[in-house]
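# An overview of the molecular structure
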Amino acid sequence: MQAWRVHENGEPGQVMRLEEVDRPVPGPGQVLLRVRAANINFPDALLCRGQYQIRPPLPFTPGVEICGETEDGRRVIANPALPYGGLAEYVVADEAALLPAPEALDDAEAAALHIGYQTGVFGLHRRAHLQEGETLLVHAAAGGVGSAALQLGKAAGARVIGVVGGPEKAAVARELGCDLVIDRRTDDIVAAVKEATGGRGADVIFDPVGGDAYAKSAKCVAFEGRIVIVGFASGSVPAPALNHALVKNYSIVGLHWGLYAQKDPASIVRCHEQLTKLAAEGAIKPLISERVPLKDAAAAVQRVADGTTTGRVVVLPDGAAR
């Protein structure tokens, strides 16, 4: 089979190689899956760089989220067992963690449903307790994780403010239903949020960016607001001033979604059932900006790493536009 492999750490476009390799062999409790679609996540770029919290042995195949097919024909969503990641024709995955792919979504959409949307549900509802009528501020609102949080916020009845970088991404955020879009390149984020909320600020802030985005968040969070720390796509990990959180009475909430697989796996199943229902109702639908063949996967991972994409980029190993 064909698979992209990383033999040394570095930028995805430089270190990923498409090779002919043997199919992975399932271990105890695992199953072999044919990859129907593989969604590219920012962690795939971090894996290539050797900067992710998990460092699989070299060589490894990136790709942490797929829609696959079991040997008995079931269409499922899975997180491949590294080092045999999803940017390949076949993967192995833990059988107990397989989830049925929603009928309302095609293969590419189903591949993009799991990590980003589960992160959004757990971050907004379990950690931040977002309420109907509250104001939600989403950084990188046109990106993969941000667009999921935006849709989930609207589905929950929140007023959603999206922060993006550039007019193209602003247009995407508006199409997804943002009530207000702020272009961080041209607009004053803090002033715009304060004006839109009558000086109150945002009740919940969803931050997958870190760095300057967090600094701006702390200046426009509401009384008893919650800043949800999801990741650091900017590459800069902020050091919060805890005295500021005390004085303004807001919460800084961390979310490491992967821990739920270890600590409370049943919650992931319940969340998937909720997401499947929302997809069937049309309340959520992953934004797929590109569907690329397997041969173009390295360039696609690099675009995600560079932050030039919107929504999700999905790799289709057989090249089908499905």
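All of these numbers come straight from a predicted model, not from anything done at the bench. (Residues numbered from 1 in each chain as written. Predicted model: local features only at pLDDT ≥ 70, side-chain atom pairs only at ≥ 80, totals over all residues. Heavy atoms only, no water.)

Along its 17 residues, helix α11 (residues 265–281) runs 25 Å from first to last C-alpha, staying within 8% of the 24 Å computed at 1.5 Å per residue. Taken residue by residue, α11 has Ser267, Ile268, Cys271, His272, Leu275, Leu278 and Ala279 as its buried positions. Looking down the long axis of α11, one finds its buried residues gathered within 140 degrees of arc, a one-sided arrangement. Opposite its buried face, α11 presents the exposed residues Glu273, Lys277 and Ala280, each directed more than 90 degrees away. In this fold, the buried residues of α11 make contact with β5 (75–78), β7 (99–100), α4 (114–127), α5 (144–155) and α10 (259–263). The positive-phi residue at the C-terminal boundary of α11 is glycine 282, with phi of around 80 degrees. (Helix = DSSP H or I, 4+ residues; strand = E, 2+ residues; numbered from the N terminus. Expected span 1.5 Å × (residues − 1). Buried < 20%, exposed > 50% of the residue type's maximum accessible area, 1.4 Å probe, protein only. Arc of directions from axis to C-beta. Contact = heavy atoms within 4.5 Å.)

Another aspect to go through is the environment of alanine 261. By the element assignment, alanine 261 lies in helix α10. Here alanine 261 falls in the partly exposed class, since its relative accessible area comes to 47%. Sequence spacing of alanine 261 and alanine 97 is 164 residues, and the spatial spacing of their C-alpha atoms is 8.6 Å.

Further remarks concern the sheet that holds strand β11 (residues 202–207). In spatial order, the strands read β10-β9-β8-β11-β12-β13; together these six strands make up an open sheet with parallel pairing. Sheet topology places β10 (180–183) and β13 (251–254) at the edges, where each strand pairs with a single neighbour. The mean inter-strand angle of the sheet, taken between neighbouring strand axes irrespective of direction, is 20 degrees. Across four bridges, the pairing between strand β12 (residues 221–229) and β13 is parallel. Opposite isoleucine 227, over in β13, you have isoleucine 252 as the bridge partner. Taken strand by strand, helix α7 (residues 189–196) contacts β8 (135–139), β9 (159–164), β10 and β11, and its axis lies near 165 degrees from that of β10. (Pairing = 2+ DSSP bridges. Axes fitted to C-alpha atoms, helices over the stretch in contact; angles between N-to-C directions.)

Everything listed here is a matter of coordinates, which is why it stays silent on function.
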